Amino acid sequence: MPLCRLEIERFRCLSSASLEFAPTCNLITGANGSGKTSLLEAIFFLGSGRSFRSVGSDVLVQSSREDFVIVGAVQDDFDSEVCMGINWSPSERQLRVSGREVNSFSEFALRFPVQAIDPDVHKLIEDGPKRRRQFIDWGVFHVEHSFKDTWRRYNRALKQRNSALSSKASSRADIWNGELANQGTLIDQCRRRYLESLTPFIKKVGLSLLQDEVTIEYFQGWKRNLTFIEALQESQQSDLKRGVTTVGPHRADMLLKIGGETAKEKISRGQQKMLACTLILAQQAHKAAQSTPFPSLLLDDPAAELDVDNLHRLLQVVSELPVQLFVTALSLAGLEQLRHSKRFHIEGGVVNVVGY
């Protein structure tokens, strides 16, 4: 479902904007600090309920203002529009889809799947496992919609077990082992199915971007030779001492390799960026191949930190993806491979259409 229209009020440096987008490539130019990234953040927030810059939502409200509003319209399978609206303040939030109030951003995410490649994309490789779990679970959520409820039940049981462990109540912790194991095993199975189906896309994109084979080894979060219930039972005494559950899918991770070499510790920052791009673009290609809605991809200043060869390879892969693109840049230089359908220019937080 491409994003057709977007209205923004009091978001970052964007006081007010009303925009219509092309379903293919939208190029956004402007000087540093003009508001290019803020526009991408607003688009990303519409599909996820958060900023891709890993900041709290409070800072997204304009200085001296109390709230922000984002309203978007996405095109559905029948060429009609679905309207999604957010009114967010530090004290409350209102979410609506087609005029109906909803309680979570999951309905937004289902209708408008969006991902971002920004200058911090290397953190997907460099940082701890939380980012990589989020990467996997984004993909699982868009393939197996029941995953959301399974994850919710798992986290509820995990919270209860951790509460019992912190109180040194071993018998009360035992009560939650069954539910935790059941839901955790389902999560693990969903992740494995997803990664198996994603692997061919990762190999293909990896060869294009890194000119080498990229492979993934999945660590489930407990010993491979044990079932999850056995792992919980084995770790219970240790968990009681620590006051927290130390095994489970909330401890899972991916080990990434390039040409058989462990990537995290042996590649440069530039290669980390290209590896992270490999994962995200493979995920976009996988999502587009599964079913509608096709995903949207945000590229925040891709020419900023990539050399000419890497930028060329990145844009070549991006240009071949059946996705809606939003690309920011200081100028058109270096982006000739992207045949933009619509061009915007931002200056001082004001967005104008400047070409097609």
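How each quantity is defined
- Residues numbered from 1 in each chain as written.
- Predicted model: local features only at pLDDT ≥ 70, side-chain atom pairs only at ≥ 80, totals over all residues.
- Heavy atoms only, no water.
- Helix = DSSP H or I, 4+ residues; strand = E, 2+ residues; numbered from the N terminus.
- Rg over C-alpha atoms; globule rule 2.2 N^0.38 Å.
- Buried < 20%, exposed > 50% of the residue type's maximum accessible area, 1.4 Å probe, protein only.
- Contact = heavy atoms within 4.5 Å.
- Salt bridge = Lys/Arg side-chain N within 4 Å of Asp/Glu carboxyl O.
- Pairing = 2+ DSSP bridges.
- Axes fitted to C-alpha atoms, helices over the stretch in contact; angles between N-to-C directions.
- 1 Å grid on protein atoms, 1.4 Å probe; cavity = no way out; pocket = protein on both sides within 12 Å on 5 of 7 lines; lining within 4 Å.
- Points joined across faces, edges and corners; volume = space filled by probe spheres on them.
- Expected span 1.5 Å × (residues − 1).
- Right-handed = clockwise from strand over helix to strand, strands pointing away.

Engineer: Go over the overall build of the chain with me, naming the residues and quoting the values.
Structural biologist: The secondary structure content of the chain amounts to 10 helices and 15 strands. Since a compact globule built from 356 residues should have a radius of gyration of about 21 Å, the 22 Å found for the chain is in line with a globular shape. Its C-alpha atoms put the chain at 65 × 50 × 40 Å along the principal axes. For the chain, the proportion of its 356 residues judged to be buried stands at 52%. Contacts in the chain between residues at least 24 apart in sequence constitute 67% of all its contacts with a sequence separation of at least 6.

Engineer: Can you tell me about the pattern of salt bridges, naming the residues and giving the values?
Structural biologist: Applying the stated criterion across every chain, the model contains 19 salt bridges. Note that Arg-100 is salt-bridged to Glu-107, the shortest N-O span being 2.9 Å. The exposure class of Glu-107 is partly exposed, given its relative accessible area of 23%. Close ionic contact of Asp-137 with Arg-191 constitutes a salt bridge, the shortest N to O distance being 2.9 Å. On the criterion of sequence distance, the pair formed by Asp-137 in helix 4 (residues 129–143) and Arg-191 in helix 6 (residues 170–209) is long-range, its members being 54 residues apart. You can call Asp-137 buried: its relative accessible area is 12%.

Engineer: I'd like a rundown of the sheet that holds strand 9 (residues 214–219), residues and numbers included.
Structural biologist: An order of 9-10-11 is seen for the three strands of this open sheet, with the pairing classed as antiparallel. Lying at the two open borders of the sheet, with one neighbouring strand each, are strand 9 and strand 11 (261–262). Where strand 9 lies against strand 10 (residues 253–258), six bridges are found, and the strand directions are antiparallel. Counted as the bridge partner of Phe-219 is Asp-253 from strand 10. Against the sheet, helix 6 makes contact with strand 9 and strand 10, and its axis sits at roughly 165° relative to strand 9, the strand it touches most. Sheet strands touched by helix 9 (residues 269–290): strand 9 and strand 10. Its angle to strand 10, the strand with the most contacts, is close to 115°.

Engineer: Explain the layout of surface pockets residue by residue, including any values.
Structural biologist: Here the largest pocket is characterised by a volume of approximately 1400 Å³. As for the largest pocket, its lining consists of 36 residues, and the residues nearest its centre are Ser-48, Arg-50, Gln-134, Asp-137 and Trp-138. Secondary-structure elements contributing two or more residues to the lining of the largest pocket are helix 1 (36–48), helix 2 (106–111), strand 8 (114–117), helix 4, helix 5 (147–166) and helix 9. The biggest single contributor to the lining of the largest pocket is helix 4, with nine residues.

Engineer: Give a detailed account of helix 9, specifying residues and quantitative values.
Structural biologist: The terminal C-alpha atoms of helix 9 lie 32 Å apart, and with 22 residues this matches the ideal 32 Å at 1.5 Å per residue to within 8%. Among the 22 residues in helix 9, 17 count as buried, and that is most of the element.

Engineer: Lay out the pairing of strand 13 (residues 324–329) with the relevant residues and their values.
Structural biologist: Counting buried positions over the six residues of strand 13 gives six, a clear majority of the element. Of the two faces of strand 13, the one lined by Gln-324, Phe-326 and Thr-328 and the one lined by Leu-325, Val-327 and Ala-329 are each fully buried. Note that strand 3 (residues 25–29) and strand 13 share five bridges and pair parallel. Pairing of Leu-27 across the sheet is with Val-327, part of strand 13. One crossover worth recording links strand 12 (residues 296–300) to the parallel strand 13 by way of helix 10 (residues 308–320), and it is right-handed.

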